[in-house]
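Residues per chain, in single letters:
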Amino acid sequence: MKSEKDIEEKINSTLNSLEGLGKAEASPFFYSKLEVRMQDELTSSIGRFAFIGNLKMSMAVLSVVLILNFASLFILSNTGQESTEGESDVSLVTQDYFSGTDDYDYLNSY
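Check the secondary structure of the protein chain and you find four helices and zero strands. Overall, the protein chain shows an N-to-C arrangement of helices and strands of α-α-α-α. The burial tally for the protein chain puts 0% of its 110 residues in the buried class. For the protein chain, the exposed surface amounts to about 11100 Å²; the carbon and sulfur share of it is 62%.

Turning our eyes to something else, we now look at a nonpolar patch on the surface. Taken together, the side chains of Leu-55, Met-59, Leu-62, Leu-66, Phe-70, Leu-73 and Phe-74 make up a nonpolar region of the molecular surface, amounting to roughly 750 Å² of accessible area. With respect to the helices, strands and loops of the structure, Leu-62 is situated in helix H3 (residues 55-82).

A cluster of like negative charges, contributed by Glu-4, Asp-6, Glu-8 and Glu-9, occupies part of the molecular surface. With respect to the helices and strands, the residue Glu-8 is situated in helix H1 (residues 4-17).

Moving on, we come to the confidence of the model for the protein chain. Residues with a pLDDT of 70 or more make up 72% of the protein chain, whose mean pLDDT is 78. Confidence scores differ between elements of the protein chain, with helix H4 (residues 89-97) showing the lowest mean pLDDT of 76 and H3 the highest of 86.

Thresholds applied
- Residues numbered from 1 in each chain as written.
- Predicted model: local features only at pLDDT ≥ 70, side-chain atom pairs only at ≥ 80, totals over all residues.
- Heavy atoms only, no water.
- Helix = DSSP H or I, 4+ residues; strand = E, 2+ residues; numbered from the N terminus.
- Buried < 20%, exposed > 50% of the residue type's maximum accessible area, 1.4 Å probe, protein only.
- Areas by Shrake-Rupley, 256 points an atom, 1.4 Å probe, with all protein chains shown as cover.
- Patch = residues over 30% accessible without salt bridge, like charges linked within 9 Å, V, L, I, M, F, W, Y side chains within 5 Å.
- Salt bridge = Lys/Arg side-chain N within 4 Å of Asp/Glu carboxyl O.
- Lys, Arg positive; Asp, Glu negative; His and termini not counted.
- Charge placed at Lys NZ, Arg CZ, Asp CG, Glu CD.
- pLDDT = per-residue confidence, 0-100.

Shown next, in the form of structure tokens:
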């Protein structure tokens, strides 16, 4: 165990180290820099996707997307009824990919 004299010396050296401390001072433009930084954080959160927060704009964009989806659905359904001539697409795919032949030499035929 350490002697009381060693412990007392350590306590005194610790207390003496605190004597040289002074009040902490900020740089002259610290507060203006801090205000600018806080203002930048506020404006950057509003930045690029600010229109999403606007309810009217969001509803307008959503309605345009829905109208385009329904228009493309009707256009594709009308063209699907006209192209029923000949074999169906499903039968063509099954012939290409699931044929019973063991012809693996298809690259040499070109």
